[in-house]
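Architecture and fold: a report
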Amino acid sequence: MAEATEIRKLVYLVTGGCGFLGEHVVRMLLQREPRLSELRVFDLHLGPWLEELKTGPVRVTAIQGDVTQAHEVAAAVAGAHVVIHTAGLVDVFGRASPETIYEVNVQGTKNVIEACVQTGTRFLVYTSSMEVVGPNIKGHPFYRGNEDTPYEAVHKHPYPCSKAQAEQLVLEANGREVHGGLPLVTCALRPTGIYGEGHQIMRDFYHQGLRLGGRLFRAIPASVEHGRVYVGNVAWMHVLVARELQRQTALLGGQVYFCYDESPYKSYEDFNMEFLGPCGLRLVETRLLVPYWLLMLLAALNALLQWLLRPLLLYAPLLNPYTLAVANTTFTVSTDKARRHFGYEPLFSWEDSRSRTIRWVRAVEGSAP
Ligand SMILES: NC(=O)c1ccc[n+]([C@@H]2O[C@H](COP(=O)([O-])OP(=O)(O)OC[C@H]3O[C@@H](n4cnc5c(N)ncnc54)[C@H](O)[C@@H]3O)[C@@H](O)[C@H]2O)c1
Ligand SMILES: CC(C)CCC[C@@H](C)[C@H]1CC[C@H]2[C@@H]3[C@H](O)C=C4C[C@@H](O)CC[C@]4(C)[C@H]3CC[C@]12C
């Protein structure tokens, strides 16, 4: 008992800790970071599930706050040893304005960095995104690339632009002197499309399939590979890199890592069917009925409708020119950088990741869309 208290001395802060990924990071830290004494969970919207975590040996502090408010961030960061910054506005559907996306993703990240510098917090892990690299607007494939693969990263959409700027700020901050005189150590993780328990878009596709009589219609050729990674493994990578950042500052500081695991290379829709299939949905082949030019037309029509209707209501369907381009461009990673640098091995096998996700989709059945 005395030993456990002795080693529990670290304070971690997880921003966005009540989001899809954030919740998994929070739970993973509690399970797999034995040196943790306090876990601060900072989010705009706190989840009721946090209450059940407050009975364990680690002090769990829920902080309702906004990353765009520098003083709220500084108050939350003060006294923390490590910050895992997952908070972000994930919007590729036109729900939020470009200004709001910038404010949360870029200004919010600036606030986190400045708070670390002012209060003397030395370790910062940033949840970046594959979209910092691509797919680019030219539709160039990124086929099983790694962190060093050359690729023409051209961003136009506010979300990837904001993630790219924020990632750059985090990496540039590596080595800055924090309060107390020691250097800040930062790194960024770039997940591809995350899936698993709590994935809202998977839930949307499931409900859409149920509405369509148990069918989904293929829109994207099966040959287009889209990178996916299980949320439990992404969370595990965050926990591990945060730990190793404190031990191997020179090697890990200022680095970027793609998030990867053993999930198979498939098209976005075929991959979803790995979970939705066992839950009773089937994918209907319609490539000849719905040619790509028609999809592009529908996507453009959706964008036009969104613009026309904006003064009256928010029209934000899943299909728009940007999401179509992302889904229709091969983007997959193949790398072992995280293993080489900080000993990462996926915690969940593909079979585990698949069965956990299927179990979750089954539980979602019957719940409101
Ligand atoms: N979902 C994916 O496939 C994916 C892939 C790559 C990277 N990412 C990145 O992972 C991170 C988490 O994404 P997610 O899918 O869990 O999204 P999410 O929307 O489920 O979680 C984001 C969390 O951030 C919080 N948040 C938003 N604005 C905030 C603000 N102003 N102040 C404080 N908290 C705020 C939200 O309330 C939410 O809980 C994001 O940074 C995202 O860019 C996600
Ligand atoms: C063309 C339609 C039939 C299908 C539309 C699917 C579309 C909504 C999906 C396809 C790919 C998805 C993105 C991809 O998995 C990676 C990311 C990176 C991450 O940082 C944020 C989420 C995002 C953009 C996914 C959003 C949903 C997309 C575009």
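Here we summarise the structure given alongside this text. (Residues numbered from 1 in each chain as written. Chains lettered and ligands numbered in written order. Predicted model: local features only at pLDDT ≥ 70, side-chain atom pairs only at ≥ 80, totals over all residues. Heavy atoms only, no water.)

Observations regarding the side chain of H238
Keep this limit in mind: By the criteria applied, helices consist of DSSP H or I runs no shorter than four residues and strands consist of E runs no shorter than two, each listed in order from the N terminus. Whether two residues are in contact is decided by their heavy atoms: any pair within 4.5 Å suffices.
You can see H238 is positioned in helix α7 (residues 231-247). Beyond its immediate sequence surroundings of up to four residues, H238 is in contact with L21, V25, I84, V125, T127 and L189.

Re the pairing of strand β11 (residues 255-259)
Condition: Accessible area is worked out with a 1.4 Å probe on protein chains only. A residue is then buried under 20% of its type maximum, exposed over 50%, and partly exposed in between. Criterion used throughout: strands pair if DSSP finds at least two bridges between them.
Within β11, four of the five residues are buried, which leaves it mostly tucked inside the rest of the structure. Two strands pair when backbone bridges link them, and strand β7 (residues 185-191) and β11 are joined in this way by five bridges, in the parallel orientation. The partner of P191 across the bridge, within β11, is C259.

Considering unusual backbone geometry
Across the junction of G134 and P135, the peptide omega takes the value 5 degrees, indicating a cis bond. With respect to the helices, strands and loops of the structure, P135 is situated in the loop between β5 (123-127) and β6 (142-145). At R144, a position not held by glycine, the phi torsion is positive, near 50 degrees. Along the chain, R144 turns up in strand β6. Relative accessible area serves as the criterion here: at 33%, R144 is assigned to the partly exposed category.

Some details on the packing of helix α6 (residues 200-211) against helix α9 (residues 268-276)
When two helices pack together, their arrangement is captured by the angle between the axes and the distance separating the axes. So the rule is basically this: The axes are straight lines fitted to the C-alpha atoms, using for helices just the contacting stretch, and the angles between their N-to-C directions are given from 0 to 180°. Put simply, angles under 35 degrees are roughly parallel, angles over 145 are roughly antiparallel, angles from 65 to 115 are roughly perpendicular, and the rest are oblique. Any residue that is not Ala, Val, Leu, Ile, Met, Phe, Trp, Tyr, Cys, Pro, Asp, Glu, Lys or Arg is counted as polar, Gly included; the first ten are nonpolar and the last four charged.
Remark: α6 packs on α9, axes separated minimally by 11 Å, with the N-to-C direction vectors making an angle of 80 degrees. As the angle between them shows, α6 and α9 are arranged roughly perpendicular. Along the contact surface, α6 presents I201, M202, F205 and Y206, while α9 presents Y268, N272, F275 and L276. When grouped by side-chain class, the residues that make up the contact of α6 with α9 number seven nonpolar, one polar and no charged.

Description of the packing of α6 against helix α13 (residues 350-364)
Where we set the bar: By convention, the crossing between two helices is left-handed when the near helix turns anticlockwise from the far helix through less than a right angle, and right-handed when the turn is clockwise.
Where α6 contacts α13, the two axes come as close as 11 Å, and the packing angle between them is 55 degrees. The angle between α6 and α13 falls in the class oblique. Handedness of the crossing formed by α6 with α13: right-handed. Along its contact with α6, which presents M202, R203, Y206 and H207, the element α13 presents T357, W360, V361 and V364. Class assignment for the residues of the contact of α6 with α13 results in five nonpolar, two polar and one charged.

Observations concerning the site of ligand 2
Applied cut-off: We call a residue near a given molecule or strand whenever any one of its heavy atoms falls within 4 Å of it. Contacts described as polar in this section are N or O atom pairs within 3.5 Å, which, within protein, must combine one atom able to donate a hydrogen with one able to accept it, while residues neighboring in sequence count only if both atoms come from side chains. In this description, accessible areas are obtained by the Shrake-Rupley approach with a 1.4 Å probe, and a residue is regarded as covered only by the protein chains that are shown.
Around ligand 2 lies a shell of 17 residues, among which S129, E131, Y159, G193 and H226 are the nearest. At 2.7 Å, a side-chain N or O of S129 approaches an oxygen atom of ligand 2. Alone, ligand 2 offers 620 Å² of accessible surface; in the complex the protein occludes 89% of this. At four residues, helix α11 (residues 321-327) tops the list of elements feeding residues into the shell around ligand 2. A breakdown of the residues in the shell around ligand 2 according to their chemical character gives twelve nonpolar, four polar and one charged.

Section: the side chain of T192
Mapped onto the fold, T192 is located in the loop between β7 and β8 (193-195). Beyond its immediate stretch of four places on either side in the chain, T192 contacts M130, G227, R228, V229, C259 and V333.

So, the pairing of β5
Quick note on the threshold: By the criterion used throughout, a crossover qualifies as right-handed when its path from the first strand across the helix to the second strand runs clockwise, the strands pointing away from the viewer.
Within β5, five of the five residues are buried, which leaves the element mostly enclosed by the surrounding structure. Residues F123, V125 and T127 point to one face of β5 and L124 and Y126 to the other, with burial holding for every one of them. Across four bridges, strand β4 (residues 82-85) lies against β5 in parallel orientation. Bridge assignment links H85 to a residue of β5, and that residue is Y126. Read as a crossover between parallel neighbours, the route from β4 over helix α4 (residues 98-119) to β5 is right-handed. As paired strands, β5 and β7 are joined by five bridges and run parallel to one another. When the bridges of β7 are listed, V125 appears paired with C187.

With respect to the pattern of salt bridges
Here is the rule we go by: Just to be clear on terms, a salt bridge is a Lys or Arg side-chain nitrogen sitting within 4 Å of an Asp or Glu carboxyl oxygen.
Within the structure shown, the criterion is met by 17 salt bridges. In this structure, R339 engages D336 in a salt bridge whose closest nitrogen and oxygen atoms are separated by 3.0 Å. Assessed through its relative accessible area of 39%, R339 is described here as partly exposed.

Brief notes about the nonpolar core
The following threshold applies: Take the buried residues of types Ala, Val, Leu, Ile, Met, Phe, Trp, Tyr and Cys, join any two whose side-chain atoms come within 4.5 Å, and each joined set is a nonpolar core.
Core analysis: the largest hydrophobic core is formed by 76 residues, its most contacted members being Y12, L29, L39, I84, Y257, L276 and F342. The element contributing the most residues to this core is α7, with ten residues. Each residue touching L39, except ones within four places of it in the same chain, is listed here: Y12, V14, V26, L29, L30, V58, R59, V60 and T61. In terms of nonpolar packing, the next biggest core, distinct from the first, is built from 26 residues, A115, C116, L124 and A166 among them.

Quick word on the sheet that holds β7
Taken together, seven strands build an open sheet; the order of strands is β3-β2-β1-β4-β5-β7-β11 and the sheet is parallel. Looking at the sheet topology across the chains shown, the edges are occupied by β3 (59-64) and β11. Going across the sheet, the axis of each strand differs from the next one's by a mean of 15 degrees, ignoring polarity. Most of the contacts of helix α3 (residues 70-77) go to strand β2 (residues 36-43), to which it runs at about 165 degrees, and overall it touches β1 (10-15), β2, β3 and β4. Along the sheet, α4 contacts β4 and β5; its crossing angle with β4, the most-contacted strand, is approximately 175 degrees.

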